[in-house]
Amino acid sequence: MQKSLVRFGFTSNLRRVRVGDFRIEDSGRFIEFENILNIDKIEINDLDYKKCLNGILINVNGFNDGLVKIFNNRKFKGIGIISENNLKRKIILD
């Protein structure tokens, strides 16, 4: 009868040096989230922003269907989706 050997190992330290396009060498720099996304942006007024927060569709013109960065008072607020001239919030970071 053959004895089976039990082998094991452990990690005492783990360091992530890369996630996608982000490298550890870049970790000291502050990167604004909105600058990473290569999509159109839309500035909406306070009233429309409140509607957007409540899930109400906002009528917009001049944008193609797809994702957009939402700004209010020149501050990045999140990501929205435009479909058939209507803006709907997707992710709000505020």
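Residues numbered from 1 in each chain as written. Predicted model: local features only at pLDDT ≥ 70, side-chain atom pairs only at ≥ 80, totals over all residues. Heavy atoms only, no water.

(A) Looking closely at the overall build of the protein chain. The number of helices and strands found in the protein chain is two helices and seven strands. Along its sequence from the N terminus, the protein chain presents helices and strands in the succession β-β-α-β-α-β-β-β-β. Since a compact globule built from 94 residues should have a radius of gyration of about 12 Å, the 23 Å found for the protein chain marks it as more spread out than a globular shape. Expressed along its principal axes, the backbone C-alpha trace of the protein chain runs to roughly 75 × 35 × 25 Å. Per-residue burial for the protein chain yields a buried fraction of 22% across its 94 residues. Here the analysis covers contacts within the protein chain between residues at least 6 apart in sequence; of these, 45% occur between residues at least 24 apart. Just so you have it, the protein chain exposes about 8,200 Å², and 49% of that area is on carbon and sulfur atoms. Side chains of the protein chain give 17 positive and 12 negative charges; the mean places of these two sets differ by 10 Å. (Helix = DSSP H or I, 4+ residues; strand = E, 2+ residues; numbered from the N terminus. Rg over C-alpha atoms; globule rule 2.2 N^0.38 Å. Buried < 20%, exposed > 50% of the residue type's maximum accessible area, 1.4 Å probe, protein only. Contact = heavy atoms within 4.5 Å. Areas by Shrake-Rupley, 256 points an atom, 1.4 Å probe, with all protein chains shown as cover. Lys, Arg positive; Asp, Glu negative; His and termini not counted. Charge placed at Lys NZ, Arg CZ, Asp CG, Glu CD.)

(B) The nonpolar core, seen in detail. In this structure, Ile42, Ile44, Tyr49, Cys52, Ile58, Val60, Val68, Ile70, Ile82 and Leu87 together form the largest nonpolar core, which totals ten residues. Non-local contacts of Val60, meaning those with residues more than four positions away in its chain, are made with Ile42, Ile82, Asn85, Asn86 and Leu87. (Core = buried A, V, L, I, M, F, W, Y, C linked by side-chain atoms within 4.5 Å.)

(C) Molecular detail of the sheet that holds strand 5 (residues 66-72). A sheet is described by the order of its strands in space; here five strands give the open sequence 3-5-6-7-4, paired in mixed fashion. Across the chains shown, the open sheet's two edge strands, defined by having one partner strand only, are strand 3 (41-43) and strand 4 (58-59). Across seven bridges, the pairing between strand 5 and strand 6 (residues 75-83) is antiparallel. Among the inter-strand pairings, Asn72 is bridged to a residue of strand 6, identified as Lys75. (Pairing = 2+ DSSP bridges.)

(D) A look at the side chain of Asn72. When you line up the elements, Asn72 lands in strand 5. Residue class for Asn72 comes out buried when judged on its relative accessible area of 5%. A distance of 3.4 Å separates the side chain of Asn72 from the backbone oxygen of Asn45, its partner in a polar contact. Among the polar contacts listed, one links the side chain of Asn72 to the side chain of Asp46, at a separation of 3.1 Å. (Polar contact = N/O pair within 3.5 Å; in protein donor to acceptor, adjacent residues only side chain to side chain.)

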